[in-house]
Amino acid sequence: MLRMLAIGGCAVLMAACSPAFDWRPVAFGQDGAAGVLPDTPQAQTRPVPFEDRTLNLTMRSARAGGVLFALGAAELPPGWADDAAVRRRLARWAVDALYRNAGAEPPGPDADPQQRFSFEGRGPQGPVRVEAQVRVTATEWLEAVVIAAPDDHARAPVGDFWLSLRWPDEDRTAAPGSSPR
């Protein structure tokens, strides 16, 4: 009986220390992008200078334990719908910025900027694992990002976040051959 109480007590303590993942559906962007976040999302919009324009990037994010999950979107200027080169440059720039912000070396020019990627970097509290995907459509810049200490990342149900992600229809993506998840 004492052993059962000890096991039950340990289970309660472990559950109390585990972050809650109360997944909530979140739409982001204007063209049907959607995913889930593990708590009530917080939204923050910030101006992002890119080439000769400023794009207003709105990030919807939530934390569970030490893991930050975020979904972002910025509307593109109308003239960019017909300019695949500027959209490719934006996608590459957005990926490189994620690497630089975490103190890591960006991938080479041959990397597809619209494929999901992960890398190890440094955050304010130490090492971090960043997992992200960027999509630039004819009308929007979209991002999905997970940032956590490596141990927190390994314990979190990060796969649930990626499985929930839905990008706009393929015919609206900037890169031929890219496919929505």
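Residues numbered from 1 in each chain as written. Predicted model: local features only at pLDDT ≥ 70, side-chain atom pairs only at ≥ 80, totals over all residues. Heavy atoms only, no water.

1. Re the overall build of the chain
- A tally of regular secondary structure across the chain gives four helices and eight strands.
- Ordered by position from the N terminus, the helices and strands of the chain form the series α-β-β-β-β-β-α-β-β-β-α-α.
- A burial count over the chain gives 41% of its 181 residues as buried.
- In the chain, 47% of the contacts between residues at least 6 apart in sequence involve partners at least 24 apart.
- Surface exposure of the chain reaches about 10,000 Å², of which carbon and sulfur atoms provide 54%. (Helix = DSSP H or I, 4+ residues; strand = E, 2+ residues; numbered from the N terminus. Buried < 20%, exposed > 50% of the residue type's maximum accessible area, 1.4 Å probe, protein only. Contact = heavy atoms within 4.5 Å. Areas by Shrake-Rupley, 256 points an atom, 1.4 Å probe, with all protein chains shown as cover.)

2. Side note on the sheet that holds strand β7 (residues 126-136)
- The strand order across the open sheet built from six strands is β3-β4-β5-β8-β7-β6, with neighbouring strands paired in antiparallel fashion. Whereas interior strands pair on both sides, the edge strands pair on one side only; in this sheet they are β3 (42-50) and β6 (117-123). Within this sheet the neighbouring strands show an average axis-to-axis angle of 25°, counted without direction.
- Strand direction decides the pairing type here: strand β5 (residues 67-75) and strand β8 (residues 140-148), joined by nine bridges, are antiparallel. Residue Val-67 lies in a different strand from β8, and its bridge partner there is Ala-148. (Pairing = 2+ DSSP bridges. Axes fitted to C-alpha atoms, helices over the stretch in contact; angles between N-to-C directions.)

3. Remarks on unusual backbone geometry
- For Glu-51, which is not glycine, the phi torsion reads 50° and is therefore positive.
- Inspection of the secondary structure assignment puts Glu-51 in the loop between β3 and β4 (53-64).

4. Topic: the nonpolar core
- Counting 27 residues, the largest nonpolar core has Leu-90, Val-134 and Trp-141 as the members making the most contacts within it.
- In this structure, Ala-148, Ala-156, Val-158 and Phe-161 belong to the second largest nonpolar core, which totals 19 residues. (Core = buried A, V, L, I, M, F, W, Y, C linked by side-chain atoms within 4.5 Å.)

5. Brief notes about the environment of Ile-147
- Of note, Ile-147 is situated in strand β8.
- What makes Ile-147 partly exposed here is its relative accessible area of 30%.
- It is 8.6 Å that separates the C-alpha atoms of Ile-147 and Gly-66, two residues lying 81 residues apart in sequence.
- Not counting residues up to four positions away in its chain, the partners in contact with Ile-147 are Gly-66, Val-67, Leu-68, Val-128, Arg-129 and Val-130.

6. Some details on the packing of aromatic side chains
- On inspection of all chains with the given rule, the structure shows twelve aromatic pairs.
- Both rings, one in Trp-23 and one in Phe-69, keep their centres 5.4 Å apart while their planes meet at 85°; by these two values the pair is edge-to-face. Pair noted here: Trp-23 is in the loop between α1 (2-17) and β1 (24-28) and Phe-69 is in strand β5, with a separation of 46 residues, a long-range link.
- We classify Trp-23 as partly exposed; its relative accessible area is 24%.
- Aromatic pair Phe-28 and Trp-167: ring centres 6.2 Å apart, planes at 75°, arrangement edge-to-face. In this pair, Phe-28 sits in strand β1 while Trp-167 sits in the segment after α4 (158-164), placing the two residues 139 residues apart along the sequence. Trp-167 matches Phe-28 in its accessibility class, with the two residues each being buried. (Phe/Tyr/Trp six-rings, centres within 6.5 Å; stacked < 30°, edge-to-face > 60°.)

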